[in-house]
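Descriptive structure summary
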Amino acid sequence: LVLWFPGPRSFTGEDVVELQTHGSRAVVSSVLGALAGLSDGADAGTEVGLAAMRPAERGEFTQRAFSNGQLGLTEVEGLADLLAADTAAQRRQALRQMGGATERQFWAWREVLQSCLAHTEAVIDFGDDEEDVDEGAFEALAPKVQALRDEVAAHLRDARRGEIVRDGLELTIVGPPNAGKSTLLNLLARRDAAIVADIPGTTRDVLEVRLDVGGVAVIARDTAGLRTLSTDPIEVEGMRRARAAAQGAQLVLFVVDASQPAEAEAAVLQLMTETDGEEDRGDFDYDFDIDMDMNADVVLVCNKADLARSDDEQDGDAALGPVLAALSEKGLVPVTTARVSCMTGDGVEELLVAVQGQVEEVCGNLKDKEPALLTRERHRRHAAGCLVALDSFLEAQGSMPIELAAEELRVAARELGRVVGAIDVEEVLDVLFRDFCIGK
């Protein structure tokens, strides 16, 4: 099947011919060979196929679409995200950005700034003979600039929802050795992703698995068990990596053995407290240089509930009191507590539902909200730069000449222009198109 897309109403804006063939290697190879052997009908006998045709570079069709004005920079980024999307949330967010929502919003903001700049330029050029011209100009522009500033700030306060959806929510499983962390990871992954054994300390390194939890991409990490005494340098390094993984996570599952609450309390202290190395731990440096300022939501998972004393559930809650107190002392109040038995399956389904609900909570309840506007660190960096410049302009009222204040508006406009590709676009394109496959 041969399809003809005349420009400028094609994807690239150029004349495009699309050949749809059977996908076997033999058929594709034969078609490519025939194309390479084509001759120019107007000049019989002159082979032009090899000279006129070549394989496309990575992302070349999209790059031509951008060069011809068919796609904006953020729309190209949206297409890249769509091609890499693994979950429904990633797909929805990428489609919205590819459809131009981000592009339109940043251009609208930039147009407001351009209008304000035009006003200040007029004041600077023609207002020299007027009294109190600077104060009057500020009074006229301040409401518009303040409204724009508040709108940009609102998007910056989205808890990085767009980046989390795009890159994946980071979930880290921590706890004392042999508490059932690896078993829980296998339940989340619904496969045997981690080795499970009765021997404490089976997991030494960080094991990472990508999951789809309610349409949200989740990067789940199993970690080494945390305890206070060790003379094994490999285990010490594993605990250091566990702490680092917990520090960078948005959601932490703190798994404890419900029948061994004392070990759980020690694990909390090991997770959050800098040790001084005075205990007898052999010749190994046990000090960690990580500042454990965790901002993650914590779910306390009491595993092995079938082995704990079950004659009185209140006794079980009382036994966990020191664990909860230790977490609270370190500023980690669990958002929920789940009693499960990964061995028998009791409570596991309720835990999975709770984890999905917490993932949705961290990501901002995606089913009820539009996808985030800021989806990359680049967007956030320039939006933050714009906000700083707008704040400087508003703070300058009455303290600096209008000429200097106007420069803050120019800086803000430049920051927004960098997001949509109006300024400094080449470096962004070089990085972006490297990730495209051939044919896109």
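All residue numbers refer to positions counted from 1 along the written sequence of the respective chain. The predicted origin of the model limits local features to residues at a pLDDT of at least 70 and limits the giving and counting of side-chain atom pairs to 80 or more, whereas totals for whole chains, interfaces and linings rest on all residues. With hydrogens and water set aside, each side-chain value is computed from the structure's full complement of heavy atoms.

Observations regarding the sheet that holds strand 7 (residues 297–303)
Should DSSP find at least two bridges between two strands, the strands are taken to pair. Elements are defined by DSSP. Helices are runs of H or I of four residues or more, strands are runs of E of two residues or more, and each kind is numbered from the N terminus. Taken in spatial order, the 6 strands make up an open sheet running 4-5-3-6-7-8, and their pairing is mixed. Of all the strands in the sheet, the pair left with one neighbour each is strand 4 (207–213) and strand 8 (336–339). Across the sheet, the mean angle separating the axes of adjacent strands is 20° when strand polarity is ignored. When strand 4 meets strand 5 (residues 216–222), the two strands line up antiparallel, connected through 7 bridges. What counts as an axis is a line fitted to C-alpha atoms, over the stretch in contact for a helix, and the angles between N-to-C directions run from 0 to 180 degrees.

Description of helix 10 (residues 233–247)
Here a helix's expected span is defined as the number of its residues, less one, multiplied by 1.5 Å. Over its 15 residues, helix 10 runs 21 Å from end to end, which matches the ideal 21 Å to within 8%, given 1.5 Å per residue. Only protein chains enter the accessibility calculation, which uses a 1.4 Å probe; a residue whose area is less than 20% of its type maximum is buried, one above 50% is exposed, and one in between is partly exposed. When we look at burial in helix 10, the residues that qualify are Glu 235, Val 236, Gly 238, Met 239, Ala 242, Arg 243, Ala 245 and Ala 246. Two or three places before Ile 234, at the opening of helix 10, Asp 232 has a side-chain oxygen 2.9 Å from that residue's backbone nitrogen. Any N or O atom pair separated by 3.5 Å or less is treated as a polar contact, with the protein-specific requirement of one donor-capable and one acceptor-capable atom, and with residues adjacent in sequence counted only for side-chain atom pairs.

So, the packing of aromatic side chains
What counts as a ring pair is set by centres within 6.5 Å for rings of Phe, Tyr and Trp (its six-membered ring), and what kind of pair is set by the plane angle: stacked under 30 degrees, edge-to-face over 60, tilted for all other angles. Applying the stated rule across the entire model yields 1 aromatic pair. Seen in terms of ring centroids, Phe 106 and Trp 109 are 5.1 Å apart; in terms of plane orientation they differ by 70°. Their pairing is edge-to-face. Taken together, the residues span about one helical turn, with Phe 106 and Trp 109 both in helix 6 (residues 101–126) at a distance of 3 residues. Like Trp 109, Phe 106 is buried.

Things to note about unusual backbone geometry
The omega torsion across Gly 7 and Pro 8 is 5°, close enough to zero to call that bond cis. Tracing the backbone shows Pro 8 in the loop between strand 1 (2–5) and strand 2 (16–19). Located in the positive-phi region is Asn 178, a residue other than glycine, with phi close to 65°. Here Asn 178 shows up in the loop between strand 3 (169–174) and helix 9 (181–189).

Quick notes on a nonpolar patch on the surface
On the surface, a cluster of nonpolar side chains totalling about 410 Å² of accessible area is made up of Val 2, Trp 4, Val 17 and Leu 19. Contributions of two or more residues to the nonpolar patch are made by strand 1 and strand 2. Overall, the relative accessible area of 52% leaves Trp 4 in the exposed class. Like charges within 9 Å and nonpolar side chains (Val, Leu, Ile, Met, Phe, Trp, Tyr) within 5 Å are joined into patches, using only residues over 30% in relative accessible area that form no salt bridge. For the accessible areas, the method is Shrake-Rupley and the probe is 1.4 Å, while residue cover comes only from the protein chains on display. We count a salt bridge whenever a side-chain nitrogen from Lys or Arg sits within 4 Å of a carboxyl oxygen from Asp or Glu.

What about the pattern of salt bridges?
A complete count under the given rule lists 24 salt bridges for this structure. Salt-bridge contacts for Arg 166 lead to Asp 167; the nearest nitrogen and oxygen are separated by 2.9 Å. Arg 166 sits in the partly exposed class, given a relative accessible area of 28%. Taking relative accessible area as the criterion, Asp 167 reaches 39% and is therefore assigned partly exposed. In this structure, Glu 377 and Arg 381 form a salt bridge, with 2.6 Å as the shortest nitrogen-oxygen distance. With a gap of 4 residues between them, Glu 377 and Arg 381 both fall in helix 15 (residues 377–395), about one helical turn apart. A relative accessible area of 46% means that Glu 377 is categorised as partly exposed. Classification of Arg 381 by relative accessible area gives partly exposed; the value is 42%.

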